[in-house]
Amino acid sequence: MTPIKALLALLKENQLSINLGDDGNLKVRGHTKNLTAELAEKVKEQKTDLIKWIKKQKYLNAIDELKNKPIEQSTNADLSLSYSQQRLWFVDQIEENNTAYNMFFPLGLNGKLDLEALQKSLITLINRHEVLRTTFVKLESGKVRPVINAIETFELVLSDLSCKKAEIQKVFLNKLISQEINTSFDLSQDNMVRAKLVKLAEEEHVLLFTVHHIASDGWSQSILVNEFSALYRANVTDTESQLPPMAIQYQDYAQWQREFIRGEVLDYQLAYWSDQLAEIPPVHDLPLDFPRPSQQSHSGSVFEHNINQTTVLNLKQLCTKFDVTLFMLLETAFSLLVSRLSNKQDIVIGTPIAGRHHEDTEGLLGFFVNNLVLRTDLSENQAFNALLAENKQTILDAYSYQYIPFELLVENLQPERNLSHNPIFQIVFGLNNNKQSSFSLPDLTLFPVDSDIKQAKVDLELSIVEDQDGLYVNWIYNTNLFSNESISRFADYFQQLIEQISQDPFKRIGDYSLHREDDLNLLTSLNQTDLTYETKPLISQFIQQAKATPDAIALRCQEETLTYQALASQAERLAHY
């Protein structure tokens, strides 16, 4: 029991309670005759901690009250962007034709496809979710207003590649995929979803979905695919879809969020983050392969590798032993790697969270995901398990203060802005250990469609997915900053670090090696360069060499050369001078 909880229990035993007055001072209420001098002294000694505790309880109560209050339907006059939407709209204004926030996912379909049912299902889906048919109009005042449009038709673009050979089909399909990924949305007039159907054979198609992030996120993607599946099945079988009616829409959430994040909730969270992020480094110091462009680009690629199940089982045993999650352990290891690679001890990493704080949002399409900032101090060469314990508390605290949108945090903290990089953090870590939802379509089976990630929202993102075979690791990186060779090396270092931690978590963090044992043996052998040198002065050795090989090249600078004889002559003249 903490000292604060022990003191509160003691006060309760004496039928006393304590709260904060309007003047900010502690007030003791109840049977005040039971407030002995000794008890009053204890209250006085812990006054600062008591005030902090009371403020936190008020904040938590306010959070619970707002989260339990149903989200109501907003009127047309109430329409506003969520904080996340507002940021993406702003990015779209300053970065023309930005495609970094295109969310692309292809569905390979084998079997008999009902084109009419497909088209009808897409129209129903877009009409069901207002956010997919919302455009964003800039007003004369400079503010932006969402406009919900009615649609009766939806253009499903068709491309027939069935007459082409398989190898030619693959080239054309990759080209179509690249076009989809790299075609921007016009937020002022486009629907926020596009669909293209590619025919490869009579019973083989690929459906290409592209949704703008302003209307979707990872959670939404699963909803979209599952609801599309239900609607298609209903249209093919001429039955009802069984999808429940929409009680609220994303715009209702946006209005609720504006009311939720203000007053006491906003002030309390800002106070925490202002302290937590004080004097953070403006940008990471990972070694770059190329100069950072003056304006941030989003050209990206991905490097993939796996961490086997044996190592994962060892890591999970450590998690149980140290009472941490797998996320906590892997994020701590990644922070250690970034520290070692950059030779810095103050490491700042972002991590995405679902951001669906209210149960009413679970079935909504939209942009809910938020970013948390995790700051790790690696200035002490402590044991890894000690660093893990510290980082666990940092992560738990961050989740306690997760309600403030990252966009609002940036706006209030006002870090130094630079078009060349993201504010606050440029490195992201994420772990997904949720199984993907499965779905089926009548007379159709799904097949995977390969599509390389071509966009990087930040400098470097480590995205890990857990499955039955181990950890599937994706390094998504900005190709204008890092080469594939460097990222491959980072990945190898991370794997080495993880394996060593799984075997010995009590080692000091500076003692972990980033190199394989074979590499170290090679380095050792290459560094065995002990030779016996003559004791003659260097000048005597040079004169001896010049006499032995007067015409040999002694110096070379670009196109110019000097022989030993010429160099000896010039050196002698310089010495006489």
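Computed from a prediction, not measured in an experiment: that's the story for all the values here. (Residues numbered from 1 in each chain as written. Predicted model: local features only at pLDDT ≥ 70, side-chain atom pairs only at ≥ 80, totals over all residues. Heavy atoms only, no water.)

**Quick notes on the packing of aromatic side chains**
The cut-off we apply is this: Pairing of aromatic rings covers Phe, Tyr and Trp, the last through its six-membered ring, and needs centres within 6.5 Å; plane angles under 30 degrees mean stacked, over 60 mean edge-to-face, and all others mean tilted. Segments assigned H or I by DSSP are reported as helices when at least four residues long, segments assigned E as strands when at least two residues long, and all are numbered from the N terminus. We call a residue buried when its accessible area falls under 20% of the maximum for its residue type, exposed when it is over 50%, and partly exposed in between, using a 1.4 Å probe and counting protein chains only.
For the structure shown, the criterion picks out 24 aromatic pairs. A centroid spacing of 6.1 Å and a plane angle of 35° characterise the contact between Tyr253 and Trp256, whose relative ring orientation is tilted. Placement of the pair is Tyr253 and Trp256 together in helix 8 (residues 250-260), with a separation of three residues, close to one helical turn. Assigned by exposure class, Tyr253 and Trp256 land together as buried. Between Phe384 and Tyr512, the ring centres sit 6.4 Å apart and the planes meet at 90°, which makes this aromatic pair edge-to-face. Of the two residues, Phe384 sits in helix 12 (residues 384-400) while Tyr512 sits in the loop between helix 14 (484-503) and helix 15 (517-526), which places them 128 residues apart along the sequence. Look at Phe384 and you get buried, because its relative accessible area is 1%.

**So, the nonpolar core**
One broad rule of soluble globular proteins: the nonpolar side chains tend to lie buried together. Formally: Joining through side-chain atoms within 4.5 Å is the link that ties buried Ala, Val, Leu, Ile, Met, Phe, Trp, Tyr and Cys residues into a set, and such a set is a nonpolar core.
Among the nonpolar cores identified, the biggest contains 131 residues, and Leu207, Phe209, Trp273, Leu330, Phe334, Trp475 and Phe494 are the most heavily contacted of them. Ranked by residue count, the leading element in this core is helix 11 (residues 326-342), at eleven residues. Leu7, Leu11, Leu16 and Ile51 belong to the second largest nonpolar core, which has 13 residues in total.

**Thoughts on a nonpolar patch on the surface**
The condition that has to hold: Patch membership needs two things, relative accessible area over 30% and no salt bridge, and members are linked within 9 Å if like-charged or within 5 Å if nonpolar (Val, Leu, Ile, Met, Phe, Trp, Tyr). All accessible areas in this document rest on Shrake-Rupley with a 1.4 Å probe, and a residue is counted as covered only by the protein chains that are shown. Each salt bridge in this description consists of a side-chain nitrogen of Lys or Arg and a carboxyl oxygen of Asp or Glu lying within 4 Å of one another.
A cluster of nonpolar side chains, contributed by Phe90, Ile94 and Leu419, occupies part of the molecular surface with about 300 Å² of accessible area. Relative to the assigned elements, Leu419 resides in the loop between helix 13 (406-413) and strand 12 (427-432). When its relative accessible area of 52% is taken as the criterion, Leu419 is described as exposed.

**Examining the pairing of strand 7 (residues 193-201)**
Quick reminder of the rule: DSSP bridges decide pairing: two strands pair if at least two such bridges lie between them. A right-handed crossover is one whose linking path, passing over the helix from the first strand to the second, runs clockwise when the strands point away from the viewer.
The element strand 7 is extensively covered by neighbouring structure, given that seven of its nine residues are classed as buried. Sheet topology note: the strand 6 (residues 156-160)/strand 7 ladder contains five bridges and is parallel. Counterpart to Leu156 in the pairing with strand 7 is Ala195. Between strand 6 and its parallel partner strand 7, the chain crosses via helix 6 (residues 166-181), and the hand of that crossover is right-handed. Judged from the eight bridges that link them, strand 7 and strand 8 (residues 204-212) form a sheet pairing that is antiparallel. Looking at the pairing, Lys199 lines up with His205 of strand 8. Hairpin connection, strand 7 to strand 8: the antiparallel pair is bridged by two residues.

**Details of the environment of Arg508**
Going by this rule: Whether two residues are in contact is decided by their heavy atoms, any of which lying within 4.5 Å being enough.
Along the polypeptide, Arg508 turns up in the loop between helix 14 and helix 15. For the pair Arg508 and Leu387, spaced 121 residues apart in the sequence, the C-alpha separation amounts to 9.4 Å. Once you skip the residues sitting within four places of it in the chain, Arg508 turns out to touch Asn381, Gln382 and Ala383.

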